[in-house]
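Next come the chains, spelled out residue by residue.
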Amino acid sequence: MTQRSGIGYFGQGFDLITTKGLKRFVFIPLMINLVLFSAAFYFLLGEIQAGVDYLIGFIPDWLGWLKTSITFLIWPLAVISILLSFALMFGTLANWIAAPFNGLLAEKVERHLTGKSLGDDGLMAIIKDIPRTIGREVTKLVYYLPRAIGFLLLFFFLPVIGQVLWFLFGAWMMAIQYCDYPFDNHKVPFSVMRHKLGERKGLSYSFGIAVNVMAMIPIVNFLVMPVAICGATAMWVNEYRDEVLSQR
């Protein structure tokens, strides 16, 4: 396997989700993502409309041209802000629900790429691993929450710079979220996984940025979870696997 950029690995994920033998393991993460993002987007569009109507209500009727202008200005800004703010949050929720199946998909992708089995197959293996995978998601949440609160405050109170910092934080978290599945399949501690990703920040951030951008595109964002898992697993196999496993 040739070396790629983080964006290249994410792109490889699109090829992997259509690979014979892997498609059936893509289905459950894909459906979970589809349902959650559809519900979230429908809800948020309604909230944006209510907010716009509330603001427009303060403008006198004789300034109809101003109402129209403000509506056209506010809508795109509101949608972009909502997508930036909530793509990571709803993605986190979807990953919580789908965690055992995400780990299984990462395992099957690794077997496809290396020809080597991890030794955990079948429904009983998934059930057995649920407490561990949920515990790992809790660890990620504990890492995420205090940082998310700080960056979210910057997002709302520091124009432009705050949005850029939130986007970069989201990219880092996306790299952590999806790369963690193949690392965790080998019982690599969360702190070690973070350290390894931090050693190659350019690779991690470029992968996370690709995930972040795609997560903000309606319809495409339904595919983000399985594509990112496949891409992150390819990155694990090619960039980290031999080094990490040789140190254990």
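You'll find the structure just up there.
Rules used in this analysis
Residues numbered from 1 in each chain as written. Predicted model: local features only at pLDDT ≥ 70, side-chain atom pairs only at ≥ 80, totals over all residues. Heavy atoms only, no water. Helix = DSSP H or I, 4+ residues; strand = E, 2+ residues; numbered from the N terminus. Buried < 20%, exposed > 50% of the residue type's maximum accessible area, 1.4 Å probe, protein only. Contact = heavy atoms within 4.5 Å. Areas by Shrake-Rupley, 256 points an atom, 1.4 Å probe, with all protein chains shown as cover. Phe/Tyr/Trp six-rings, centres within 6.5 Å; stacked < 30°, edge-to-face > 60°. Axes fitted to C-alpha atoms, helices over the stretch in contact; angles between N-to-C directions. Parallel < 35°, antiparallel > 145°, perpendicular 65-115°, else oblique. Nonpolar A, V, L, I, M, F, W, Y, C, P; charged D, E, K, R; others polar. Left-handed = near helix turned anticlockwise from the far one by under 90°. Salt bridge = Lys/Arg side-chain N within 4 Å of Asp/Glu carboxyl O. Patch = residues over 30% accessible without salt bridge, like charges linked within 9 Å, V, L, I, M, F, W, Y side chains within 5 Å.

Helices and strands together make up the secondary structure of the chain, namely eight helices and zero strands. Going from the N terminus to the C terminus, the chain shows its helices and strands as α-α-α-α-α-α-α-α. Per-residue burial over the chain gives 47% buried out of 248 residues. Taking all contacts inside the chain whose residues are at least 6 apart in sequence as the whole, residues at least 24 apart take part in 79%. For the chain, the accessible surface area stands at approximately 12,300 Å², while carbon and sulfur atoms represent 72% of it.

So, about the packing of aromatic side chains. Counted under the stated rule, the structure contains twelve aromatic pairs. Judged by centre distance (5.0 Å) and plane angle (85°), the ring pair of F155 and F156 falls under edge-to-face. You can call F155 buried: its relative accessible area is 4%. For F156, a relative accessible area of 56% puts it in the exposed group.

Attention now moves to the environment of M214. Within the secondary structure, M214 sits in helix α7 (residues 201-215). Given the relative accessible area of 26%, M214 is considered partly exposed. Residues M214 and V224, spaced ten residues apart in sequence, show a C-alpha to C-alpha distance of 6.7 Å. Apart from the residues lying within four places of it in its own chain, the contact partners of M214 are F10, V220, N221 and V224.

Viewed as axis vectors pointing N to C, helix α5 (residues 161-185) and α7 meet at an angle of 100°, and their least axial separation amounts to 7 Å. Between α5 and α7, the angle is such that the two are roughly perpendicular. Of the residues in α7, those in contact with F167, L168, G170, A171, W172, M174, A175 and Y178 of α5 are S204, Y205, F207, G208, I209, V211, N212 and V213. Of the residues that constitute the contact of α5 with α7, the class distribution is twelve nonpolar, four polar and no charged.

Once that is clear, we can look at unusual backbone geometry. In the Ramachandran plot, V160 falls in the positive-phi region, its phi being about 65° despite a non-glycine side chain. You can see V160 is positioned in the loop between α4 (123-157) and α5. A relative accessible area of 59% places V160 in the exposed class. A positive phi is found at K187, a non-glycine position, where the angle reads about 60°. With respect to the helices, strands and loops of the structure, K187 is situated in the loop between α5 and α6 (190-199). Residue class for K187 comes out partly exposed when judged on its relative accessible area of 41%.

At a minimum axis distance of 12 Å, the contact between α6 and helix α8 (residues 224-246) shows a crossing angle of 130°. In terms of orientation, α6 lies oblique with respect to α8. Crossing of α6 over α8 shows right-handed handedness. Taken together, the residues of α8 that come into contact with α6 (itself represented by K196, L197 and E199) are Y240, E243 and V244. Looking at side-chain class alone, the contact of α6 with α8 contains three nonpolar, no polar and three charged residues.

Let us now look at the pattern of salt bridges. One pass over the full model with this rule turns up eight salt bridges. Of the charged contacts in the structure, one is a salt bridge between E110 and R241, with a shortest N-O distance of 2.8 Å. With E110 in helix α3 (residues 64-114) and R241 in helix α8, the pair connects residues that are 131 residues apart, well separated along the chain. Judged by its relative accessible area of 0%, E110 is buried.

Moving on to a nonpolar patch on the surface. A cluster of nonpolar residues, L154, L158, V160, I161, V164 and L168, forms a patch on the protein surface that exposes about 470 Å² of accessible area. Here the element with the most residues in the nonpolar patch is α5; it accounts for three residues. Within the secondary structure, V164 is located in helix α5. The exposure class assigned to V164 is partly exposed, which follows from its relative accessible area of 44%.

Note that all results are geometric; they support no functional claim without further evidence.
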